[in-house]
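Coordinate analysis (summary)
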There are 4 protein chains.
Amino acid sequence: MLVAEAHAGLCKLALNRDNADTMNFASDNAVGASPKVMSAIAAANAGAAMAYGNDPWTARVERQMRELFEKDVAVWLLATGTAANALALASVTDPWGAVLTHEESHISDDECGAPEFFTDGAKIVGLSGHGGKLAPEAVAERLARMPHGNVKQVQPQCLSISQATESGLVYTPAEVAALSAVIRPRGLALHMDGARFANAVVALGCSPAEITWKAGVDVLSFGGTKNGAWAAEAVVFFDPERGREMPWRRKRAGHTVSKARFVAAQFEALLTGGHWLDLARTANDHASRLAAGLGAVPGIRLGWTCEANEVFAIMPKGLAAALRAAGAVFYDWTDRALGEGNRPAPHESIHRFVCSFATAAADIDELLAKVWALQGRAA
Amino acid sequence: MLVAEAHAGLCKLALNRDNADTMNFASDNAVGASPKVMSAIAAANAGAAMAYGNDPWTARVERQMRELFEKDVAVWLLATGTAANALALASVTDPWGAVLTHEESHISDDECGAPEFFTDGAKIVGLSGHGGKLAPEAVAERLARMPHGNVKQVQPQCLSISQATESGLVYTPAEVAALSAVIRPRGLALHMDGARFANAVVALGCSPAEITWKAGVDVLSFGGTKNGAWAAEAVVFFDPERGREMPWRRKRAGHTVSKARFVAAQFEALLTGGHWLDLARTANDHASRLAAGLGAVPGIRLGWTCEANEVFAIMPKGLAAALRAAGAVFYDWTDRALGEGNRPAPHESIHRFVCSFATAAADIDELLAKVWALQGRAA
Amino acid sequence: MLVAEAHAGLCKLALNRDNADTMNFASDNAVGASPKVMSAIAAANAGAAMAYGNDPWTARVERQMRELFEKDVAVWLLATGTAANALALASVTDPWGAVLTHEESHISDDECGAPEFFTDGAKIVGLSGHGGKLAPEAVAERLARMPHGNVKQVQPQCLSISQATESGLVYTPAEVAALSAVIRPRGLALHMDGARFANAVVALGCSPAEITWKAGVDVLSFGGTKNGAWAAEAVVFFDPERGREMPWRRKRAGHTVSKARFVAAQFEALLTGGHWLDLARTANDHASRLAAGLGAVPGIRLGWTCEANEVFAIMPKGLAAALRAAGAVFYDWTDRALGEGNRPAPHESIHRFVCSFATAAADIDELLAKVWALQGRAA
Amino acid sequence: MLVAEAHAGLCKLALNRDNADTMNFASDNAVGASPKVMSAIAAANAGAAMAYGNDPWTARVERQMRELFEKDVAVWLLATGTAANALALASVTDPWGAVLTHEESHISDDECGAPEFFTDGAKIVGLSGHGGKLAPEAVAERLARMPHGNVKQVQPQCLSISQATESGLVYTPAEVAALSAVIRPRGLALHMDGARFANAVVALGCSPAEITWKAGVDVLSFGGTKNGAWAAEAVVFFDPERGREMPWRRKRAGHTVSKARFVAAQFEALLTGGHWLDLARTANDHASRLAAGLGAVPGIRLGWTCEANEVFAIMPKGLAAALRAAGAVFYDWTDRALGEGNRPAPHESIHRFVCSFATAAADIDELLAKVWALQGRAA
């Protein structure tokens, strides 16, 4: 049975619902939970616990987060990444505020206006930048066009960056600090959309503290779902005071899960013994091998360097179609964040392949084998 | 370790986080998931599936719902009951609309303004009524004070009733139909908050169709969480066209769960083989026995008849305190929906005891034994 | 030509558009502007001035307001009273906040949800009270049912009172101070809807300062329109810091009038030489005479004492109909804020007669003559 | 006395409040009302009239509008252009909708998020285009990137164009029709921001019908304020059904003026005997002469052709400063909508000079004389 078209960003994909198991590189949310996470969910099922976060699991995760970030932080657990982003942005942006972000960021393009809804109408201002990354100069230039106190214009109050970006690139601590330096004089808050935070931390080899508050981040959307949970996200405020409105914002958005221990249990499993980093490392390693494999095929080149768990390959359109016919699942992608010199030729297209903790080496082997077979035939 | 005060409605409760397991009558959301539901979650973990509801689990639940309600329905799965209510209301109410409801209903009193948020500012108009139920006369009287087309006033567009009510009472199909008859001429939609829909259906012994669309209900919040799921709610539109905006409303509210198969798997387990009704029957039976037991104790009387899975007991304040000291967990309650003749005397207070699928007969035995011991001593 | 039904509150009125000039007691917004105000508008028409309030007229009115209130105040000029109320409330109430007010207040019943719109969804909580006035006890009782910090409930953040009330009564400074004392410990702001502020000040014979900030009022909607302007309202913050968001709130609501000098010129005319008080005194005196006249007619009694410029008369339904047939214009009213003992009998109804600065003594004479003629006949 | 900095768009301006009368080219909202309009306001002051638009003036304007547009139209009168735009957009755009518009349009850049506020969070998507105009190709390209039914993205529902544009250019009926043809298949509504509609109609020499509904416009913001009224704007729906929600939208936004006859009287004066076109013709003619005069000065060139009542001059920065020192009032402007080849050189800047019905020939003579004197000296 074919599902209705499923859209992601500008791309679409038709998939047989009953056969999505092999060579599925559609997204890291197409897989289930890691066995450890699933065990933790099952273990949390015993006995009674108070609802709405007043439970020992939640308290333990809060403690883990403080240790992880080497700092007193305010942590709010949620079930979806869109809720995490939108609540984080609303906490630091007035209805007449503006959030500067990359024009292809998830908050700008893939959340159906959730940030506008949660902020009661703030403006999401999209800037361009290579590979989904924002340069300090681009931010400074836009800020200069939004003079402080101009009553006719919304007021810039937040800069939101994605870590890793929608193109799979990673900001270094120095790059984050440089952005922070640009916005500090104007008082903007710095938000990091960390739907793939784990993949970025593994790629950087730094501590969570170094890439967040030590580099100037004020609030983090800390994603667990794409990294092996089934529904576990957190908003982390590095200045706990900034989250003081969260109890009400979360509740009135319907995001205060009643049996909250189950969300907390997932995070607890992820954060215990570095499980979250192990999962991300597996995903990144797979992606790295896939990128190397694809990049070695004549006629295929990478859109951007593979820095985390996503591979963007520019290939002949016929090859992409043939791969799909052979059962591979992956998304079309947009080439807007590519540099001018790297755009697909008319006979080419760009596609995204995402690896997860659950990707099997065999999936990659099978895909590469198909590519070589097809591309050899094509050549 | 004592948690911070946890509030529910007008009531508060202090609880030892590490010892909430016995005589816990706080709420049906204080327990975990039923073993069958938990097995279904674990089973859903195998393999890849498309995200956001484009998965076979969701398709199967949609089919189950159509069979259950004997009708083509539009079904939207969600993780929280507040989201279900608020999205349902927003689908049938303009920002300048009004929702008539009982003054103590969950949407009016316990969702921190979620209906106002999701409807972009509609007015929730609270009416009084015995035991959380609304009488057709009360609705008609209020409608008469909100003349059609008056530009200065918000326009009544929805009537929302709770099934079972916040006082544990149940509307019969005839009672629902009578309310529907009052609002039809004015064009209001009829919403049923079925957070405890299963308990009501079991109590009524009727079909889901008879107590919903056949009685005039347009949209139902179908609760699974309090009935043995860990996070599974649905909005069911009996005219599928009424739900046409739901894809966008749900997405922009951050309630489109990515690994949606896990929510669907819970509902599938509940609806398969009448499991949802079995769980509710267990809860109702426990509550019935508890009500009978408490009602037989000298000095204790019931606030309202126990019709579903909640027992409201009026007792001496000292007894309530002693029960808590002995380890029982239950909420203080408000007496506003009591009839004039049944209000607590100055030395009395009213309390809610909720039974769930997971309540043990031993919990009830233990509670009743404590009551008799304490009340005997008190007398 | 008959207009479509025009509704006000719960009441309706059909009126010949081309003949609304005599015995028109419909509302104090049914008349034009005072000659002095109109002259000021015309005088402001000369030459160029910067837009959006950066003009000398606005600066002068700000100075006048500081003198009038004997205090540094932040003043924001607007064209409608609904905008003034809604912006004032939004300045002191979060989206998850609640505004306590009388159940028949203008903000609750006559602004089509503007407060909900401007606050992004706060809840307007209506309390009952004789003659549109709130008693400290009623406010305290309601606050007790909204415990501080309860995440499930909206948080009370503002108390809004009408001066004069919808029933034409006036709060004394002591009464306002008593309300302020009740809400201070909970941190609510005190808002005064002064659509008929001038009438109240004249009735009280006190200074504007005494009945506002000296009695605990934080923000005032200062009405000019009903008192002889054609469109001039102000929000006055007695702590200027509270109005710091107003530039953006006003602009994004479309209420920053470009040729703002014309609004300012109206207020300047009103405040110069006590013109605003003279106009209100005229209106009050007319109302006083009308009240005395109607109250003296057998079969007619007043709903509430006439304290400002509105008269509420309970009379036989036939008499009201006959008066209308004779050309008098006045609204039906609601009897909910009457005391139990004073409700209209089945053959009676209650009606509102409003006097303004432009009411002519002849209008009152004519009305009373009609009443006597009709009632004599009826008796 | 110097006012605080007054901002317009990206530009700022310091002005002596007490001396803004000569060589004031700041904006067409820096002048008062035309004598005929002011007389109409004064004439409307006699007698009583029902409030909120139930008056004969409003009825007459509605009739005039139907005649003017040669069609049954729904007309809603307002006091500000921002309200007109925001209410028009909200009437045709869902909260999850997107409005495509020029990136420098008033709704995008100068209304502090009013469209987002009134639409409850829709997204304003800015496109680039020469001189503030949108080309059909640019609209088509953007629409192609927003696929129909994609749940992750807001849905394009409206195209908004400015007539005349922020750069003073005018769309021809053929150009509007071409835009309409692009959006029809996707079901977007076409909104025209006609803050300077009169200037455009005069420039085009066509009928109001030809440049609006006959070319595909669904809803028009019809500006009176910049054209000689002091506060008179209208939203005109060419399909009256589209405006069915306006009574409530307008009321809850606080934009239902109580003494509405005064707004209507202004429009009546404008529309009677073609007064609105006479005023616009005067403004356009002045601008045309100013453009010719400035364009003839060595070292000065026009940014865009002067098609309506605005002149954009690129000149040496020193000259602009000297002109201001000499008393001329005009805004700095942004050069983003200039073609690449026409950008100001480093020593140059671009400035806007607006003419209105009240501009005196002497103002232009004086300005041009100053320019020649200064530029001669500079050369």
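A brief structural summary. (Residues numbered from 1 in each chain as written. Chains lettered and ligands numbered in written order. Predicted model: local features only at pLDDT ≥ 70, side-chain atom pairs only at ≥ 80, totals over all residues. Heavy atoms only, no water.)

**Notes on the interface of chain D and chain A**
For the record, the criterion: Residues are treated as being in contact if the distance between any of their heavy atoms lies within 4.5 Å. Buried area, as used here, totals the accessible surface that two parts lose on assembly, with accessibility defined by a 1.4 Å probe and the loss added over both. Between Lys or Arg on one side and Asp or Glu on the other, a salt bridge is scored when a side-chain nitrogen of the former is within 4 Å of a carboxyl oxygen of the latter. Whenever two N or O atoms come within 3.5 Å, that pair is a polar contact, provided that in protein one can donate a hydrogen and the other can accept it, and provided that, for residues adjacent in sequence, both atoms are side-chain atoms. Counting from the N terminus, the helices are DSSP H or I runs at least four residues long and the strands are E runs at least two residues long. Any residue outside Ala, Val, Leu, Ile, Met, Phe, Trp, Tyr, Cys, Pro, Asp, Glu, Lys and Arg is labelled polar, Gly included; the first ten of those are nonpolar and the last four are charged.
The interface is formed by 28 residues belonging to chain D together with 27 residues belonging to chain A. Taken together, both faces of the contact between chain D and chain A bury some 2,300 Å²; the carbon and sulfur share is 49%. Across the contact surface, chain D and chain A share 2 salt bridges. Lys123(A) is paired through a salt bridge with Glu116(D); the nearest N and O atoms lie 2.8 Å apart. Summed over the shared surface of chain D and chain A, the result is 8 residue pairs in polar contact (both at pLDDT 80 or more). Among the secondary structure elements, those contributing two or more residues to the side of chain D that touches chain A are strand S1 (6–8), helix H4 (106–109) and strand S5 (123–127) of chain D. The leading source of residues in the side of chain D that touches chain A is H4(D), at 4 residues. Partitioning the side of chain D that touches chain A into residue classes produces 10 nonpolar, 10 polar and 8 charged.

**Things to note about the sheet that holds strand S7 (residues 189–194) of chain A**
All names here are of chain A. Put simply, the test is: DSSP calls a pair of strands paired once it identifies at least 2 bridges connecting them. For helices, the fitted line uses only the C-alpha atoms of the stretch in contact; every axis is such a line through C-alpha atoms, and the angle between N-to-C directions lies from 0 to 180 degrees.
Reading across the sheet, the 7 strands line up as S3-S9-S8-S7-S6-S4-S5 and stay open at both edges, with mixed pairing between neighbours. Here the strands that pair on one side only, and so sit at the sheet edges, are strand S3 (74–78) and strand S5 (123–127). Put simply, the sheet's adjacent strands are angled 20 degrees from each other on average, direction ignored. Alignment of S3 against strand S9 (residues 233–237), held across 5 bridges, turns out to be antiparallel. Residue pairing for S9: Ala-74 is matched across the bridge by Phe-237. Across the sheet, helix H3 (residues 81–92) lies against S3, strand S4 (97–102), strand S6 (155–162), S7, strand S8 (219–223) and S9, angled at about 20 degrees from S9, the strand it touches most.

**Overview of the pattern of salt bridges**
All names here are of chain A. Cut-off, in case you're wondering: Burial classes: relative accessible area under 20% of the type maximum marks a residue as buried, over 50% as exposed, and values in between as partly exposed (1.4 Å probe, protein chains only).
Applying the stated rule across the entire model yields 72 salt bridges over all chains. Arg-145 serves as the salt-bridge partner of Glu-141, at 3.0 Å between the closest nitrogen and oxygen. For Arg-145, a relative accessible area of 18% gives the class buried. If you follow the salt bridges from partner to partner, you end up with Asp-28, Arg-196, Glu-310 and Arg-352 in one network.

**Thoughts on the interface of chain C and chain D**
Each side of the interface is counted separately: chain C has 62 residues, and chain D has 62 residues. Together, the buried faces of chain C and chain D total about 5,100 Å²; carbon and sulfur atoms form 61% of this surface. For the pair chain C and chain D, the number of links is 0 salt bridges. Across the chain C-chain D interface, the total number found is 28 residue pairs in polar contact (both at pLDDT 80 or more).

**So, the state of the cysteines**
The cut-off we apply is this: Cysteine sulfur pairs qualify as disulfides if the two atoms are within 2.5 Å.
Inspection of every chain in the model, using the stated rule, returns 0 disulfides over all chains. The thiol of Cys206(C) is not disulfide-bonded; the next cysteine sulfur, from Cys306(C), is found 17 Å away. Accessibility expressed as a relative area gives 14% for Cys206(C), which makes it buried. The thiol sulfur of Cys355(D) is not disulfide-bonded, and the nearest other cysteine sulfur, from Cys306(D), lies at 7.5 Å.

**Quick look at H3(A)**
Two residues of an α-helix separated by three or four positions point the same way, owing to the 3.6 residues in each turn. Residues and elements named next belong to chain A. Convention followed: The span expected for a helix works out to 1.5 Å for each residue beyond the first.
With 12 residues, H3 should reach 16 Å at 1.5 Å per residue; the first-to-last C-alpha distance of 17 Å fits that figure. In terms of residue burial, H3 counts as a mostly covered element, since 11 of its 12 residues are buried. When H3 is considered as a whole, its buried residues turn out to be Thr-82, Ala-83, Ala-84, Asn-85, Ala-86, Leu-87, Ala-88, Leu-89, Ala-90, Ser-91 and Val-92.

**Regarding the packing of aromatic side chains**
Stated precisely, the cut-off is as follows: For Phe, Tyr and Trp, rings pair up if their centres lie within 6.5 Å, where Trp contributes its six-membered ring, and each pair is then called stacked (planes under 30 degrees apart), edge-to-face (over 60) or tilted (otherwise).
For the structure on display, the rule yields 60 aromatic pairs over all chains. When the ring of Phe69(A) is compared with that of Phe238(A), the centres are 5.2 Å apart and the planes differ by 75 degrees; the resulting orientation is edge-to-face. Of this pair, Phe69(A) sits in helix H2 (residues 56–69) while Phe238(A) sits in the loop between S9 and helix H10 (246–252), and the two are 169 residues apart along the sequence. With respect to burial, Phe69(A) and Phe238(A) carry one shared label: buried. With 4.8 Å between their ring centres and 25 degrees between their planes, Trp230(C) and Phe262(D) make a pair best called stacked.

**What about the relation of the copies chain C and chain D?**
Convention followed: In this comparison the copies share one frame, found by least squares on the C-alpha atoms of residues holding pLDDT of at least 70 in both.
When chain C is fitted onto chain D, the two copies agree to an RMSD of 0.0 Å after a turn of 180 degrees and an axial shift of 0.0 Å. Those values place the two copies in the arrangement expected of a two-fold rotation axis. Among all residues of chain C, the one whose C-alpha sits closest to the rotation axis is Ala253(C), at a distance of 3.5 Å. Looking at the interface residues of chain C, 100% of them are also at the interface in chain D, so both copies use one shared face.

**Concerning the packing of helix H2 (residues 56–69) of chain B against helix H11 (residues 261–271) of chain B**
Residues and elements named next belong to chain B. Stated formally: Handedness of a crossing follows from how the near helix is turned relative to the far one, being left-handed for an anticlockwise turn of less than a right angle and right-handed for a clockwise one.
Packing of H2 against H11 leaves a shortest axis separation of 8 Å and a crossing angle of 35 degrees. Along this stretch, H2 crosses H11, giving a crossing that reads as left-handed. Contact with H2, carried on its side by Trp-57, Thr-58, Arg-60, Val-61, Gln-64, Met-65 and Leu-68, involves Arg-261, Ala-264, Ala-265, Phe-267, Glu-268 and Leu-271 of H11 and no other residues of that element. Residue classes in the contact of H2 with H11 are distributed as 8 nonpolar, 2 polar and 3 charged.

**Regarding the relation of the copies chain D and chain A**
Between the two copies, chain D and chain A, the superposition gives an RMSD of 0.0 Å; the rotation angle is 180 degrees and the shift along the axis is 0.0 Å. When the interface residues of chain D are mapped onto chain A, 96% of them again lie at the interface, so the same face is used by both copies.

**Section: the pairing of strand S11 (residues 310–316) of chain C**
All names here are of chain C. Of all 7 residues that make up S11, 7 are buried, and the element is covered over most of its length. In this structure, strand S10 (residues 301–302) lies alongside S11, joined through 2 bridges in antiparallel fashion. Counted as the bridge partner of Leu-302 is Ala-313 from S11. As judged from the 7 bridges shared by S11 and strand S13 (residues 348–354), these two strands associate in the antiparallel manner. Note on S13: the bridge partner recorded for Ile-314 is Ile-350.

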